[in-house]
Amino acid sequence: MPIIVKKFGGSSVGNIQLIKGIAHKIASLAQEGESIVLVVSAMAKTTDELFRLAFEISDHPSRRELDMLLTAGERISMSLLSLALHNEGLSSISFTGSQSGIMTDAMHGNARILDVNAFRIREELAKGKIVIVAGFQGVSPEKEITTLGRGGSDTSAVALASYLHAESCEIFTDVAGVYTADPRLVKTARKLDCIDYETMLALAYSGSKVLHPRAVEFACKYNIPVEIKSSFTFETGTLLDTRRNLINKGFLMEERIISAIAHKDGLARYQLKADDALQTALSTWNNEIFKYYLQDETLELVIENKFASEIDHLIRTQNLQLIKRLEGSAFITLVGLGINLDPGFLAEAMLICKPYQIQRISHSDKTLELMLPSTQLEACLNALHQAFIGVSQ
Ligand code: ASP
Ligand code: MG
């Protein structure tokens, strides 16, 4: 029987009304001969709130205990959704990551999925039940509960879709799909009908929150087509696949230099002496580093503000030499094919950015990345979008 994986993000299961609405929609869409696996995030803000509670006790909480705490969020949403499905007359069962057989390494707070032993899921699907899986979590070989990094439910969904050989994987969220830029900041941003893995990966690593980068990596590695769509309308969203498959499916790939623009704000920059102590400290650092730059004897780490208290703790306890701590920078990343093959492009980008106090420019074959003061972010983003993407065609 074909298996369908559907993932619902925190804002999609943010309150009881929304959970009931999703259950109702699932009931109306459920078809004979189709097995459904639902992956859920914690109800909106729950994970942040649990984090906050832990940091009220300690500015450096034990990662193991933090994982125990944070995984509780998904337990709440999965069981509530299961109860709501029962109300719709459907038979369903919820499982934690560990019950679902999601095996990870032991890296608390940022664990990687090593394997999925989904036999319990298969057993329940065979009985005709809808299976609800807690996203964002797994279990290590030592039977410790782990989490996959903030936003990790996307990864759970794509990993399950791959191990279950699912026919489709849909990521339901609070936006209609992947946009050319964040529609909250750029009013003229438009939804893309499709996007290839490489472009999506670059966007995800550059701050686009619509799909977690690890989930994109997983989808790309195992060739899983993923649809990102709205949990409010259930309308067709953005299809993520290989370029070749998208073309074969009849999508017209837009051949423009820039496909989309990502941004990232809320960052702290730490310039640290690149010595042995730093090397040792970094090997124990479980959180994501957004960017790093090594120049001469200085390593600059760019991390999200929410990890600042932990890096401050490392600096204090591991004798790291802090040269400078800087705040208030943001990043804009233009993503497109062949950026570095177009000599006129950089000149044009620089001209457009002139009023916005760009602090650093770097590029790869598919990205042009700009660092600038947070205060300039919105205006610069809009100017670049207007110039390189424009209004809908
Ligand atoms: N609840 C987790 C978080 O807020 C995982 C997720 O939403 O994907 O990061
Ligand atoms: Mg998310």
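Cut-offs and rules
- Residues numbered from 1 in each chain as written.
- Chains lettered and ligands numbered in written order.
- Predicted model: local features only at pLDDT ≥ 70, side-chain atom pairs only at ≥ 80, totals over all residues.
- Heavy atoms only, no water.
- Helix = DSSP H or I, 4+ residues; strand = E, 2+ residues; numbered from the N terminus.
- Rg over C-alpha atoms; globule rule 2.2 N^0.38 Å.
- Buried < 20%, exposed > 50% of the residue type's maximum accessible area, 1.4 Å probe, protein only.
- Contact = heavy atoms within 4.5 Å.
- Areas by Shrake-Rupley, 256 points an atom, 1.4 Å probe, with all protein chains shown as cover.
- Lys, Arg positive; Asp, Glu negative; His and termini not counted.
- Charge placed at Lys NZ, Arg CZ, Asp CG, Glu CD.
- Near = heavy atom within 4 Å.
- Polar contact = N/O pair within 3.5 Å; in protein donor to acceptor, adjacent residues only side chain to side chain.
- Nonpolar A, V, L, I, M, F, W, Y, C, P; charged D, E, K, R; others polar.
- Salt bridge = Lys/Arg side-chain N within 4 Å of Asp/Glu carboxyl O.
- Pairing = 2+ DSSP bridges.
- Axes fitted to C-alpha atoms, helices over the stretch in contact; angles between N-to-C directions.
- Expected span 1.5 Å × (residues − 1).
- Arc of directions from axis to C-beta.

Trainee: For this particular structure, what's the right way to read the overall build of the chain?
Mentor: Across its full length, the chain carries twelve helices and 20 strands. A compact globule built from 393 residues should have a C-alpha radius of gyration of about 21 Å, and the chain, at 22 Å, falls within 12% of that. For the C-alpha atoms alone, the extent of the chain along its principal axes is close to 60 × 55 × 35 Å. Burial statistics for the chain: of 393 residues in total, 53% are counted as buried. Sequence-distant contacts in the chain: of pairs separated by 6 or more residues, those separated by 24 or more amount to 73%. In the form shown here, the chain has an accessible surface area of approximately 17,900 Å², with 52% of it arising from carbon and sulfur atoms. Side-chain charges in the chain split into 39 positive and 46 negative, and the spacing between the mean points of these groups amounts to 2 Å.

Trainee: What exactly am I supposed to notice about the site of ligand 1 here?
Mentor: Close to ligand 1 lie Ser41, Ala42, Thr47, Glu74, Phe136, Arg150, Gly151, Gly152 and Ser153, which account for all nearby residues. At 3.2 Å from an oxygen atom of ligand 1 is found a side-chain nitrogen or oxygen belonging to Ser41. In this structure, Thr47 approaches ligand 1 through a side-chain N or O atom, which is 2.8 Å from a nitrogen atom. Here the residues of the shell around ligand 1 are counted per class, giving two nonpolar, five polar and two charged.

Trainee: Hey, could you run me through the pattern of salt bridges in this one?
Mentor: One side chain can pair with another of opposite charge once the charged atoms of both are near each other. Tallied over the full model, the rule gives 24 salt bridges. The partner of Glu170 in a salt bridge is Lys6, and the shortest N-O contact between them spans 2.8 Å. Here the residue Glu170 occupies a position in strand S9 (residues 168-173), and Lys6 occupies one in strand S1 (residues 3-8), the gap between them amounting to 164 residues. This pair shows no difference in class: Glu170 is buried, exactly as Lys6 is. Across the pair Glu227 and Lys229 runs a salt bridge, and its minimum N-O distance is 3.6 Å. With a relative accessible area of 19%, Glu227 lands in the buried category. Its relative accessible area of 8% is what places Lys229 among the buried residues. Each of Lys6, Glu170, Glu227 and Lys229 takes part in one network of salt bridges that share partners.

Trainee: How should I be thinking about the environment of Leu322 in this particular structure?
Mentor: By the secondary structure assignment, Leu322 is in strand S17 (residues 322-327). Residue classification places Leu322 among the partly exposed residues on the basis of a relative accessible area of 38%. On a C-alpha basis, the gap between Leu322 and Thr298 in space is 9.6 Å, while along the polypeptide they are 24 residues apart. The contacts of Leu322, once residues within four sequence positions are left out, are Tyr270, Gln271, Leu272 and Ile315.

Trainee: What should I look at first to understand the sheet that holds strand S14 (residues 267-273) in this one?
Mentor: The pairing of strands in a sheet happens through backbone hydrogen bonds and is either parallel or antiparallel. With antiparallel pairing, four strands are arranged side by side in an open sheet as S15-S16-S14-S17. Each of the sheet's edge strands pairs with one partner strand only, and the pair in question is strand S15 (291-295) and S17. Strand-to-strand twist of the sheet, defined as the mean angle between neighbouring strand axes without regard to direction, takes the value 15°. Strands in contact with helix H10 (residues 308-317) are S14, strand S16 (298-304) and S17; relative to S14, the strand with the most contacts, it is inclined by about 15°.

Trainee: I'm lost on helix H1 (residues 16-29) in this one. Help?
Mentor: Given 3.6 residues to a turn, an α-helix orients residues that are three or four positions apart in the same direction. An ideal rise of 1.5 Å per residue puts 20 Å on 14 residues; H1 measures up with 20 Å between its terminal C-alpha atoms. Taken together, the buried positions of H1 are occupied by Ile19, Ile22, Ala23 and Ile26. When H1 is viewed along its axis, its buried side chains cluster within an angular range of 100° and face the same direction. Pointing more than 90 degrees away from the buried face of H1 are the exposed residues Gln17 and Ser28. Buried-residue contacts for H1 involve S1, strand S2 (35-40), helix H3 (63-87) and strand S6 (130-134). The N-terminus of H1 is capped by Asn15, whose side-chain oxygen sits 3.1 Å from the backbone nitrogen of Gln17.

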